[in-house]
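# Notes for the structure review
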Amino acid sequence: MRGARIERISPHATVSGHVRAAVADDDLIVRTCRAARDNPRGREVHRFHAADDDPLQRMINALCPGSYVPPHRHVAPEKAESFVILRGALGVVLFDDAGNAREKDFILLERERGVHLADILPGVWHTIFALAPDTAAFEAKAGPYLAESAKAFAPFAPAEGSPGAAAYLMALEDRFRCVWGLPPRAWGE
């Protein structure tokens, strides 16, 4: 990113040190994707907002295939969340309160298909996953970010790092790929 300093703020995130403006150029996206590949969780965030209490949270979210983002919703307070695909392909799945997802709840963000944005209303259960290596999306939602209440995790899905998490993600991604006519996943068993 031209002219701005980039600072690591956690094992999973960096922040722009811009004073007036920042750009998400190819260099920043490539660096964020590379950091996701090097991260044991398979994902990395590059934050544009200066602090957790900013009223608008803006970031690049880079994910690798097989990185599990547990289904969640934003309810304390209710917040909408938007994803704009920058690179790769992103699966977005919406769920009802019982954990069911219909075919129309499977959203494929992929620039080559001309589908660029998913805007998820407040309180809707959802997850995202990378369908291609070096997938990156711009993410925005209202702030502030409060770690203890930022996400309500779904009771119908396994927690991140739990024994059933990989199998849950594989089954969900396999169904997603079937619905969209995509080739089989290249990661996992």
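Details of the structure are given in the entry above.
The following refers to the structure shown.

### Concerning the overall build of the protein
Summing up its helical and strand segments, the protein has 2 helices and 12 strands in all. The order of helices and strands in the protein, counted from the N terminus, is β-β-α-β-β-β-β-β-β-β-β-β-β-α. For 189 residues, the compact-globule estimate of 2.2 N^0.38 gives 16 Å, and the C-alpha radius of gyration of the protein, at 16 Å, lies within 12% of that figure. Within the protein, the fraction of its 189 residues that count as buried is 46%. Residue pairs in contact within the protein that sit at least 24 positions apart in sequence constitute 73% of those at least 6 positions apart. Accessible surface, the protein: about 9,600 Å² in total, of which carbon and sulfur atoms supply 55%. Both charge centroids of the protein, one from 23 positive and one from 25 negative side chains, sit 3 Å from each other.

### Focus: the sheet that holds strand β3 (residues 43–47)
Read across the open sheet, the 7 strands follow the order β1-β2-β3-β4-β11-β6-β9; overall the sheet is mixed. Only two strands of the sheet have a single neighbouring strand rather than two, namely β1 (6–10) and β9 (117–120). Put simply, the sheet's adjacent strands are angled 25 degrees from each other on average, direction ignored. Bridging between β3 and strand β4 (residues 56–63) involves 5 bridges; their strand directions are antiparallel. Within β4, the residue paired with R47 across the bridge is M59.

### Here's the deal with helix α1 (residues 26–38)
Over its 13 residues, α1 runs 18 Å from end to end, which matches the ideal 18 Å to within 8%, given 1.5 Å per residue. Restricting attention to buried positions, one finds in α1 the residues L28, I29, T32, C33, A35 and A36. Burial along α1 is one-sided: seen end-on, the buried residues are contained in an arc of 160 degrees. Residues D26 and D38 are exposed on α1 and point more than 90 degrees away from its buried face.

### A look at the nonpolar core
One finds V93, F129, L131 and F176 to be the most contacted residues of the largest nonpolar core, which totals 20 residues. For this core, the secondary structure elements donating two or more residues are β7 (89–95), β8 (106–110), β10 (125–130) and α2 (165–180). Per-element tally for this core: the top contributor is α2, with 5 residues. Those residues within four positions of F129 in sequence are excluded, and the remaining contacts are S67, A89, L90, G91, V93, L169, L172, E173 and F176. Ranked by size, the runner-up nonpolar core spans 13 residues in total, among them L90, V92, L109 and A118.

### Here's the deal with α2
Counted at 1.5 Å a residue, the expected span for α2 with its 16 residues is 22 Å, and the 22 Å between its end C-alpha atoms agrees. Tucked into the core, α2 has its buried residues touching β7, β8 and β10. Downstream of α2 by a residue or two, G181 has a phi angle that is positive, lying close to 65 degrees.

### Considering the environment of V92
Looking at where V92 falls in the secondary structure, it is placed in strand β7. On the basis of relative accessibility, which here comes to 0%, the residue V92 falls in the buried class. Placed 37 residues apart in sequence, V92 and F129 show a C-alpha to C-alpha distance of 6.8 Å. Excluding residues that lie within four positions of it along the chain, V92 makes contacts with D105, F106, I107, L109, A118, I120, T127, I128 and F176.

### A word on the packing of aromatic side chains
With the rule as written, the count across this model stands at 6 aromatic pairs. A ring pair is formed by F48 and F138, whose centres lie 6.3 Å apart and whose planes are at 45 degrees; its orientation type is tilted. Note that F48 is positioned in the loop between β3 and β4 and F138 in strand β11 (residues 135–142), a separation of 90 residues in sequence. You can call F138 partly exposed: its relative accessible area is 29%. Ring-pair connections join several aromatic residues into one group, and the members of that group are F95, W125 and F156. Sitting over the ring of W187, R185 keeps its end group 5.3 Å from the ring centre.

Rules used throughout
- Residues numbered from 1 in each chain as written.
- Predicted model: local features only at pLDDT ≥ 70, side-chain atom pairs only at ≥ 80, totals over all residues.
- Heavy atoms only, no water.
- Helix = DSSP H or I, 4+ residues; strand = E, 2+ residues; numbered from the N terminus.
- Rg over C-alpha atoms; globule rule 2.2 N^0.38 Å.
- Buried < 20%, exposed > 50% of the residue type's maximum accessible area, 1.4 Å probe, protein only.
- Contact = heavy atoms within 4.5 Å.
- Areas by Shrake-Rupley, 256 points an atom, 1.4 Å probe, with all protein chains shown as cover.
- Lys, Arg positive; Asp, Glu negative; His and termini not counted.
- Charge placed at Lys NZ, Arg CZ, Asp CG, Glu CD.
- Pairing = 2+ DSSP bridges.
- Axes fitted to C-alpha atoms, helices over the stretch in contact; angles between N-to-C directions.
- Expected span 1.5 Å × (residues − 1).
- Arc of directions from axis to C-beta.
- Core = buried A, V, L, I, M, F, W, Y, C linked by side-chain atoms within 4.5 Å.
- Phe/Tyr/Trp six-rings, centres within 6.5 Å; stacked < 30°, edge-to-face > 60°.
- Lys NZ or Arg CZ within 6 Å of the ring centre and 35° of its normal.

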